[in-house]
Amino acid sequence: MTEDGRLQRMQIAYLTVTGAIENRRLQVLNRDIIKYIAMVTMLLNHIAHVFLVQGTILYEVLEDIGYFTAPVMCYFLAEGYVYTRSKLKYGFRLALFAAVSQIPFQLAFGYQSLNMIFTLLCCFLILVVADHVESPPLRMGLVMLLTLATVYSDWGVVAPLFTIFFFNAEGDRKQTARGFGVCYVIFVLLNVQNYMNGQPGNWTAYAVSHAMLSGLGIIVAGITVLFFYNGKRMERGKNFSKWFFYLFYPVHLLVLYLIKSGMRLM
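Being a predicted model, the structure only gives us computed values, none of them experimental.

Reading guide: rules and limits
Residue positions are counted from 1 within each chain, in the order its sequence is given. Whole-chain, interface and lining totals are the exception, using all residues; otherwise, since this is a predicted model, local features are given only for residues with pLDDT of at least 70 and side-chain atom pairs are given and counted only at 80 or more. Side-chain metrics in this entry use all non-hydrogen atoms of the structure; hydrogen atoms and water are not considered. Going along the chain from the N terminus, every DSSP run of H or I of four or more residues is numbered as a helix, and every run of E of two or more is numbered as a strand. Relative accessibility under 20% of the residue-type maximum defines a buried residue, over 50% an exposed one, and the middle range a partly exposed one, all with a 1.4 Å probe and only protein chains included. Residue contacts are defined here by distance: any two heavy atoms, one from each residue, within 4.5 Å place the two residues in contact. Working definition of accessibility: Shrake-Rupley area with a 1.4 Å probe, residue cover restricted to the visible protein chains. Aromatic pairs are defined between Phe, Tyr and Trp rings, using the six-membered ring for Trp, whenever the two ring centres lie within 6.5 Å; interplanar angles under 30 degrees are classed as stacked, those over 60 as edge-to-face, and all others as tilted. Angles shown run from 0 to 180 degrees and are taken between the N-to-C directions of axes, each axis being a line fitted to C-alpha atoms and, for helices, limited to the stretch in contact. Every angle not falling under 35 degrees, over 145, or within 65 to 115 is termed oblique; those three ranges are roughly parallel, roughly antiparallel and roughly perpendicular. Here a crossing is taken to be left-handed if its near helix is turned anticlockwise relative to the far helix by less than a right angle, and right-handed if that turn runs clockwise. One fewer than the residue count of a helix, multiplied by 1.5 Å, yields its expected span. At every residue, the bend is computed as the angle between two fitted axes, covering the seven residues ending there and the seven beginning there respectively. Whenever a carboxyl oxygen of Asp or Glu lies within 4 Å of a side-chain nitrogen of Lys or Arg, that contact is scored as a salt bridge. Working definition of a nonpolar core: buried Ala, Val, Leu, Ile, Met, Phe, Trp, Tyr and Cys residues. They are joined through side-chain atoms within 4.5 Å. Each residue carries a pLDDT score, the predictor's confidence in it, ranging from 0 to 100. Pairing of N or O atoms within 3.5 Å defines a polar contact, subject to two protein rules: one partner must be a possible hydrogen donor and the other a possible acceptor, and residues neighboring in sequence count only if both atoms are side-chain atoms.

### A word on the overall build of the protein chain
- Each helix and strand in the protein chain was counted, giving 12 helices and 0 strands.
- Order of helices (α) and strands (β) in the protein chain, N terminus to C terminus: α-α-α-α-α-α-α-α-α-α-α-α.
- By the burial criterion, 47% of the 266 residues in the protein chain qualify as buried.
- In the protein chain, 74% of the contacts between residues at least 6 apart in sequence involve partners at least 24 apart.
- Accessible surface, the protein chain as shown: approximately 14000 Å² in total, 67% of it carbon and sulfur.

### Considering the packing of aromatic side chains
- Considering all chains together, one arrives at 24 aromatic pairs under this definition.
- Considering the side-chain rings of Y81 and F167, the 5.7 Å spacing of their centres and the 80 degrees angle between planes classify their relative orientation as edge-to-face. Here Y81, found in helix 4 (residues 69–83), pairs with F167, found in helix 8 (residues 158–169); they are 86 residues apart in sequence, far enough to count as distant.
- Owing to a relative accessible area of 0%, Y81 belongs among the buried residues under this scheme.
- Among the residues examined, F167 registers a relative accessible area of 2% and is labelled buried.
- Ring centres of W155 and F187 lie 5.5 Å apart, and the angle between their planes is 20 degrees; on these two criteria the pair is classed as stacked.

### So, the packing of helix 5 (residues 87–109) against helix 6 (residues 116–132)
- With their axes 8 Å apart at the nearest point, helix 5 and helix 6 run at an angle of 155 degrees to one another. Here helix 5 is positioned roughly antiparallel relative to helix 6, judged by the angle of their axes. Note on packing geometry: the crossing formed by helix 5 with helix 6 is left-handed. Only I117, F118, L120, L121, F124 and D131 of helix 6 make contact with helix 5, whose side of the interface consists of K87, Y90, G91, L94, A95, F97, A98 and S101.

### So, helix 12 (residues 238–265)
- Under the 1.5 Å per step criterion, the end-to-end length of helix 12 is 40 Å for 28 residues, consistent within 8% with the ideal 40 Å.
- Of all the bends found along helix 12, the most pronounced is centred on F248 and spans about 40 degrees, while P250, a proline, follows it within four residues.
- Listed in full, the buried residues belonging to helix 12 are S241, F245, Y246, F248, Y249, P250, H252, L253, L256 and K260.
- For helix 12, the elements touching its buried residues are helix 2 (31–51), helix 5 and helix 6.

### Some words on the pattern of salt bridges
- A complete count under the given rule lists 2 salt bridges for this structure.
- When the shortest N-O distance is used, the salt bridge between E79 and R31 registers 3.2 Å. Residue E79 is found in helix 4, and its partner R31 is found in helix 2; the two are separated by 48 residues along the sequence.
- The salt bridge involving D32 is made with R233; its shortest N-O contact spans 3.7 Å. Note that D32 is positioned in helix 2 and R233 in the loop between helix 11 (216–228) and helix 12, a separation of 201 residues in sequence.

### Comments concerning the nonpolar core
- By size, the foremost hydrophobic cluster in this structure holds 58 residues, and its most contacted members are V72, L94, W155, F162 and F166.
- Among the elements that take part in this core, helix 4 stands out by supplying 10 residues, more than any other.
- Core analysis: the second largest hydrophobic core is formed by 5 residues, V129, V133, V143 and L146 among them.

### Some points on the confidence of the model for the protein chain
- Taken as a whole, the protein chain shows an average pLDDT of 89; of its residues, 88% reach a score of 70 or greater.
- pLDDT under 50 marks residues 18–23. Its contacts with residues more than four places away, or in other chains, come to 13 contacts.

### Section: the environment of F97
- Topologically, F97 is positioned in helix 5.
- Residues F97 and Y246, spaced 149 residues apart in sequence, show a C-alpha to C-alpha distance of 6.7 Å.
- Filtering out sequence-adjacent residues up to four positions away, F97 remains in contact with I117, W243, Y246, L247 and P250.

### Considerations on the side chain of T119
- Among the secondary structure elements, T119 is positioned in helix 6.
- Contact partners of T119, with chain neighbours within four places excluded, come to T150, S153, D154, W155, A159 and P160.

### What about the environment of Y36?
- As for its placement among the helices and strands, Y36 is situated in helix 2.
- On a C-alpha basis, the gap between Y36 and F245 in space is 7.9 Å, while along the polypeptide they are 209 residues apart.
- Once residues within four sequence positions are removed from consideration, Y36 is found in contact with M234, F240, S241, F244 and F245.
- Polar side-chain contacts of Y36 include one of 3.0 Å to the side chain of S241.

### Focus: the side chain of T147
- If you trace the backbone, T147 turns up in helix 7 (residues 136–148).
- Its relative accessible area of 11% is what places T147 among the buried residues.
- Looking at T147, its side chain comes within polar contact range of the main-chain oxygen of V143, at 2.8 Å.
- Once residues within four sequence positions are removed from consideration, T147 is found in contact with I126, V157 and P160.

Here you go:
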């Protein structure tokens, strides 16, 4: 099958899984609304990391709510790759805002790692490789290299796995649901170590249950996409929304940093 034929098949499948079928009453959320929700949950997560004490109940709640965002972004990245009219411009925007966001990211969190848009850029390049490199060994090698390139970035390794699962699902409803489920399991397994209170290998009921609860944002993201997403964009303000999603990331990080700096001076 040609590339154009494959992409056309994926477009039809995405319309099916996300609700272009008009009689599904639950599917009331378009792509932009879901992304706006994801921006809010991300903001709550970042507020927790910048201002709150780790380990407190409020910190944990806001942090976990924010885990809704990454799988949603990865899903729409995979979908957007299929629909975009210019993959070159898409990749350029990601690269531009990955660079623009790095200083605000480091200022807000004090991390030396790379920001989430850099991770999404690597995810995008993985899709380009998967779509265009015909040699299986070369394709696998490049995908592994791009995945490893995210090790020191936000949602490193995990976000590329999310994106690969969603892209390979090709819009199939069951495969997409399975992708969200596998992503949840991977996230929980990786997160268990964080809740072991410094005792490696101590897989206590607390650590496992805490990790399972922390991943509920991923489950909610899956439910939102599978049952409430109608496969459409906003009828008005499409261009505004597109640039808002890019600009929000560095701008809100910079604002959080300035507020934190102002509080220190008081």
